[in-house]
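These are the residues of each chain, in order.
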Amino acid sequence: MSRPTIAGVARVAGVSVASVSRVLNGLPATEEMAERVRRAVDELGYVPDSRARSLKVGRTFQLTLAVADVGNPVYVTMMRAVEEVVSAAGYRLVVTTTGPEIVDEVALVRGMARGYADGLVISPLRVDDDLIKSIQECDVPVVVAGNVPAKAGVDTVRANSPKGMALAVEHLVSRGRRRIAFVNGPADTVPGEARAKGFAEALKMQGLQPVVAVEAADFTFAAGRAAAPQLLTSKFDAVIAANDLLAVGLMHELVAAGLDVPADVALVGMDDSELAEQCFPPLTSVNLGSAERGRRAAELLLARIEDGERSPRRIIVQPTLSVRRST
């Protein structure tokens, strides 16, 4: 019979792993939550792992979140969600940037051996065999907020970009738009590949052909503006951008070219970040669940720290569409 784990206590109590950790570590919690956790502990006969107890003095009680660009609003949303979960469990969160290159992602994962954190959530922009190997061999638990092959055997939480793209295309078609263009980021990235594939599949489902597909240099506001001239040589009545930064940069150039958004061109972004509500007109955007992905990734990391032998989990967060005035 397997030994009861903190994840099992969380299931029986009907609370998160972070909430169980909070109660067991004596941190502030509601009396109702504390009682549910205590009952579950008694029911399962849960006893904290003596090895974990003995190592506690050596723990940093610090966790790391690594993202490609800390200035991207979608990562800020993810960071807030991760921080809320891990702080409730008694951990500090350190946020770092990897940049766009795999070599820097690999270096960061391997650097975890220096012992400055007890675990890592990483959202890699690019993935290859070296990165996967470094995650598998890492001295501390790692959770990937992104897409890696199932055979990698690591905990992952990812967005459903193809479904999100289908929501965007269906919405534009319902608005009478048929000549839909696409502005992507680099296609060799995890989000770029997924969104390009999703766009092609979504158009096919609607019986449409792409007017034009432009690959921007990266996923930034400036790249969105720079991609506009390639777009403006085509006839289109709608554009989907691979994220909100690209969409808002593109919006600036469309307006500068004398086009009205949405009368002449309907515009949809992806990520549904704070930026989508702050621009004018407010941007219709696909919400890919960045907060939910952050929360679930943090919970997986806490569970992995508690029970390093459990089977890896692969979680897919489903998208929704936030309709605003740009369409």
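Refer to the structure above for everything that follows.
A quick note: this is a predicted structure, and the numbers were derived from the prediction, not measured.

### A closer look at the overall build of the protein chain
Point 1. If you tally the helices and strands in the protein chain, you get 13 helices and 12 strands.
Point 2. Referenced to the eigenvectors of the C-alpha coordinate spread, the extents of the protein chain come out at roughly 65 × 40 × 30 Å.
Point 3. Looking at the protein chain residue by residue over its 327 residues, the buried ones come to 53%.
Point 4. Where the 37 positive side-chain charges of the protein chain centre and where its 39 negative ones centre are 3 Å apart.

### Let's talk about the nonpolar core
Generally speaking, a soluble globular protein has its nonpolar side chains buried in company with each other.
Point 1. Judged by nonpolar contacts, the single largest core of 89 residues is most densely connected at Ile180, Leu231, Val239 and Ile240.
Point 2. Once you skip the residues sitting within four places of it in the chain, Val239 turns out to touch Ala181, Val183, Leu231, Leu250, Val265, Ala266, Leu267 and Val268.

### Observations concerning the sheet that holds strand E3 (residues 119–123)
Point 1. Spatial ordering of the open sheet is given by E2-E1-E3-E4-E5-E11, a layout of 6 strands whose pairing is parallel. The open sheet has two free edges, formed respectively by strand E2 (92–97) and strand E11 (314–317), since each of these has just one partner strand. Neighbouring strand axes in the sheet, compared pairwise and without regard to direction, differ in orientation by 15° on average.

### Here's the deal with the pairing of strand E4 (residues 142–145)
It is a general feature of regular strands that their side chains alternate between the two faces of the sheet.
Point 1. Residues of E4 alternate between two faces, with Val142 and Val144 on one and Val143 and Ala145 on the opposite face, all of them buried.
Point 2. Alignment of E3 against E4, held across 3 bridges, turns out to be parallel. If you follow Val121 over to E4, its bridge partner there is Val143.
Point 3. Each parallel crossover has a hand, and for E3 linked through helix H7 (residues 129–136) to E4 it is right-handed.

### Regarding the packing of aromatic side chains
Point 1. Counting across every chain of the model gives 2 aromatic pairs.
Point 2. Aromatic pair Phe61 and Tyr91: ring centres 5.3 Å apart, planes at 35°, arrangement tilted. Taken together, the residues span a long stretch of sequence, with Phe61 in the loop between helix H4 (50–55) and strand E1 (62–67) and Tyr91 in the loop between helix H5 (73–88) and E2 at a distance of 30 residues.
Point 3. Residue Phe61 is classed as partly exposed on the basis of its relative accessible area, which comes to 22%.
Point 4. Looking at Tyr91, the relative accessible area reads 9%, which means it is buried.

### Focus: the sheet that holds strand E9 (residues 266–270)
The strands making up a sheet associate through backbone hydrogen bonding, with each pair oriented either parallel or antiparallel.
Point 1. Taken in spatial order, the 6 strands of this open sheet run E7-E6-E8-E9-E10-E12, and their pairing is mixed. The open sheet has two free edges, formed respectively by strand E7 (213–215) and strand E12 (320–322), since each of these has just one partner strand. For this sheet, the mean inter-axis angle between neighbouring strands, taken without regard to orientation, is 20°.
Point 2. In this sheet, strand E8 (residues 238–241) lies alongside strand E6 (residues 180–184) in parallel orientation, the contact comprising 4 bridges. From the neighbouring strand, Phe182 faces E8, where its bridge partner is Ile240.
Point 3. Contacts between helix H11 (residues 244–256) and the sheet are confined to E6, E8, E9 and strand E10 (284–287), with E9 contributing the most and set at about 155° to the helix.

### Some thoughts on H11
Point 1. For H11, which comprises 13 residues, the first-to-last C-alpha distance of 18 Å matches the rise-based estimate of 18 Å (1.5 Å per residue) to within 8%.
Point 2. Most of H11 sits inside the fold, with 10 of its 13 residues counted as buried.
Point 3. Buried within H11 are the following residues: Asp244, Leu245, Leu246, Ala247, Val248, Gly249, Leu250, Met251, Glu253 and Leu254.
Point 4. For H11, the capping residue at the N-terminal end is Asn243, with a side-chain oxygen 3.4 Å from the backbone nitrogen of Leu245.
Point 5. Phi for Gly258, located one or two positions after H11, is positive at around 90°.

### Overview of the pattern of salt bridges
Point 1. Considering all chains together, one arrives at 15 salt bridges under this definition.
Point 2. For Arg36, the salt bridge is made with Glu32, and the minimal N-O distance between the two is 4.0 Å. Highlighted residues: Arg36 and Glu32, both in helix H3 (residues 31–44), separated by 4 residues, approximately one helical turn.
Point 3. When its relative accessible area of 57% is taken as the criterion, Glu32 is described as exposed.
Point 4. Across the pair Glu137 and Lys133 runs a salt bridge whose closest N-O atoms are separated by 2.8 Å.
Point 5. According to the relative accessible area criterion, Lys133 is partly exposed, its value standing at 41%.
Point 6. What you see here is one network of salt bridges that share partners, running through Glu31, Glu35, Arg38 and Arg39.

Each value, and the rule that gives it
- Every residue gets a number counted from 1 within its own chain, in the order that chain's sequence is written.
- Residue-level local features of this predicted model are given only where pLDDT is at least 70; pairs of side-chain atoms are given and counted only at 80 or more, and the full residue set underlies all totals for whole chains, interfaces and linings.
- As a rule here, side-chain values come from all non-hydrogen atoms in the structure, and water together with hydrogens is ignored.
- Helix and strand labels come from DSSP, where a helix needs a run of H or I of at least four residues and a strand needs a run of E of at least two; each type is numbered from the N terminus.
- Categorising residues by exposure relies on relative accessible area from a 1.4 Å probe, with only protein chains included: less than 20% of the type maximum marks a residue as buried, more than 50% marks it as exposed, and the intermediate range marks it as partly exposed.
- In this count, Lys and Arg are taken as positive residues and Asp and Glu as negative ones, while His and the chain termini are left out.
- Think of each charge as sitting on NZ of Lys, CZ of Arg, CG of Asp or CD of Glu.
- The criterion is simple. A nonpolar core is a set of buried Ala, Val, Leu, Ile, Met, Phe, Trp, Tyr and Cys residues joined through side-chain atoms within 4.5 Å.
- Note on contacts: a residue pair is in contact if any heavy atoms of the two residues lie within 4.5 Å.
- Should DSSP find at least two bridges between two strands, the strands are regarded as paired.
- As a rule, the C-alpha atoms of each element are fitted with a line to give its axis, helices using only the stretch in contact, and angles between N-to-C directions run from 0 to 180 degrees.
- Orient the strands so they point away from the viewer; a crossover is then right-handed if the path from the first strand over the helix to the second runs clockwise.
- Here a pair means two rings of Phe, Tyr or Trp (six-membered ring of Trp) with centres within 6.5 Å. Their orientation is stacked below 30 degrees between planes, edge-to-face above 60, and tilted elsewhere.
- What a helix is expected to span follows from its residue count: subtract one and scale by 1.5 Å.
- Nitrogen and oxygen atoms within 3.5 Å of one another constitute a polar contact, given that in protein one can donate a hydrogen and the other can accept it, and given that sequence-neighbouring residues count only through two side-chain atoms.
- When a carboxyl oxygen of Asp or Glu is within 4 Å of a side-chain nitrogen of Lys or Arg, the pair counts as a salt bridge.

Taken by themselves, the reported measurements are silent on function.
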